[in-house]
Amino acid sequence: MNIVLLGAPGAGKGTQAQKLVADYGVAHISTGDLLRAAVKAQSELGKEAKSYMDAGQLVPDSLVVKLVKERLAQDDAQRGFILDGFPRNLQQAEVLDAELAGMGIALEAALLVDVKPEIIIDRLSSRRTCHSCNYTATAGVDPCPRCGGEMYQRDDDKPETIAKRLDTYANQTAPLVEYYRGHDILKEVDGDRPVDDVYADVRSLLGL
Ligand code: AMP
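Residues numbered from 1 in each chain as written. Predicted model: local features only at pLDDT ≥ 70, side-chain atom pairs only at ≥ 80, totals over all residues. Heavy atoms only, no water.

**Q** Got a minute to help me understand the sheet that holds strand 1 (residues 2–6) in this structure?
**A** Across a sheet, strands are paired by hydrogen bonds formed along the backbone, either parallel or antiparallel in direction. The five strands are arranged 2-3-1-4-8 in an open sheet whose pairing can be described as parallel. A strand with exactly one partner marks an edge of an open sheet, and here the two such strands are strand 2 (27–30) and strand 8 (186–190). Ignoring which end each strand starts from, the neighbouring axes of this sheet average 20° apart. In this structure, strand 1 lies alongside strand 4 (residues 109–114), joined through four bridges in parallel fashion. Among the inter-strand pairings, Ile 3 is bridged to a residue of strand 4, identified as Ala 109. Of the strands in this sheet, strand 1, strand 2, strand 3 (81–84) and strand 4 are in contact with helix 1 (residues 13–24), which crosses strand 3 at around 170°. Packed on one face of the sheet, helix 9 (residues 195–205) meets strand 4 and strand 8 and runs near 160° to strand 8. (Pairing = 2+ DSSP bridges. Helix = DSSP H or I, 4+ residues; strand = E, 2+ residues; numbered from the N terminus. Axes fitted to C-alpha atoms, helices over the stretch in contact; angles between N-to-C directions. Contact = heavy atoms within 4.5 Å.)

In structure tokens form, the structure reads like this:
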């Protein structure tokens with residue numbers, strides 16, 4: 001399984017990815033998680049990325065592309081991968097195609113988890129994330145049901161940044177839907193339903 005998950009922040013990409021990873025053992029490559037880990041570690045890349053993330057903007061392609069290339073080269077990704085949050089613009093999509101062609105593989109699907117913006121705002125405001133394993137749940141769930149870690153609200157899940165992230169999505173990431181439709185690998189699922197119903201459709205769309 002080599003797939004890309006598309007959809008606005010808060011559409012449920014990470015939740016669906018976590019379920020696919022648990023059932024099929026593929027690598028979950030979330031650029032948001034990789035970037036937050038770099039920020040936490042205070043690496044040079046993390047320091048550079050932080051201001052963009054806090055502003056709800058995209059981190060420069062050069063930084064993100066480097067992270068993704070390194071991650072795709074790791075052993076677990078050879079069994080298949082789910083890219084979550086990458087690509088985020090057309091340039092990244094083109095770099096990804098070239099990188100995968102160099103590895104002798106092709107994307108099987110770009111799966112759009114589709115949710116209306118008003119629902120996204122509610123979801124993101126009440127989303128909490130695990131400090132240790134990045135599991136996400138709604139406010140009130142603490143500690144993390146998966147690993148017992150502490151749940152927190154991401155800085156960019158606060159209302160002032162959510163609107164900017166949705167703008168960034170509409171302007172830069174949404175055009176990827178047409179890009180992948182043009183490549184004949186777009187699949188769409190209505191993400192405005194209970195997690196397990198969405199997942200049942202995801203599996204059937206992916207032929208699993
Ligand atoms: P996410 O966890 O996917 O919502 O990502 C959180 C933040 O990390 C985004 O708002 C961006 O600032 C940054 N980010 C994540 N993925 C990318 C990417 N592919 N390109 C540029 N910035 C990204």
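**Q** Just to check I follow, could you spell out the state of the cysteines for this structure?
**A** When the sulfur atoms of two cysteines share a covalent bond, that bond is a disulfide. For the structure shown, the criterion picks out zero disulfides. Summary of cysteine pairing: Cys 130 is not part of a disulfide, and the nearest cysteine sulfur, belonging to Cys 147, is at 3.6 Å. Considering cysteine sulfurs only, Cys 133 is the nearest to Cys 144, which forms no disulfide, with 3.8 Å between them. (Disulfide = S-S within 2.5 Å.)

**Q** Just checking my understanding: could you explain helix 4 (residues 61–72) for this structure?
**A** Since there are 3.6 residues in each turn of an α-helix, residues three or four apart along the chain are aligned in direction. Its twelve residues place the ends of helix 4 16 Å apart at the C-alpha level, agreeing with the 16 Å of an ideal helix rising 1.5 Å per residue. Along helix 4, the residues that are buried comprise Leu 63, Val 64, Val 65, Leu 67, Val 68, Arg 71 and Leu 72. Packing partners of the buried residues in helix 4 comprise strand 2, helix 2 (31–40), helix 3 (44–54), strand 3 and helix 5 (90–103). (Expected span 1.5 Å × (residues − 1). Buried < 20%, exposed > 50% of the residue type's maximum accessible area, 1.4 Å probe, protein only.)

**Q** What exactly am I supposed to notice about the sheet that holds strand 6 (residues 136–138) here?
**A** With antiparallel pairing, the three strands of this open sheet are ordered in space as 6-5-7. For this open sheet the edge positions go to strand 6 and strand 7 (151–152), each flanked by a neighbour on one side alone. Across three bridges, strand 5 (residues 127–130) lies against strand 6 in antiparallel orientation. Residue pairing in the sheet places Arg 128 in a bridge with Ala 137 of strand 6.

**Q** So what exactly am I meant to see when it comes to the side chain of Thr 161 here?
**A** In this fold, Thr 161 is placed in helix 7 (residues 159–173). For Thr 161, a relative accessible area of 6% corresponds to the buried category. Residues within four places of Thr 161 in sequence aside, it is in contact with Met 53, Asp 54, Ala 55, Gly 56, Asp 155 and Asp 156.

**Q** In this structure, what is going on with the pairing of strand 1? I would like to understand it.
**A** Note on strand geometry: in a regular strand, side chains alternate between the two faces of the sheet. Counting buried positions along strand 1 gives five out of five residues, so the element sits mostly inside the fold. In this structure, strand 1 lies alongside strand 3, joined through four bridges in parallel fashion. Note on strand 3: the bridge partner recorded for Ile 3 is Ile 82.

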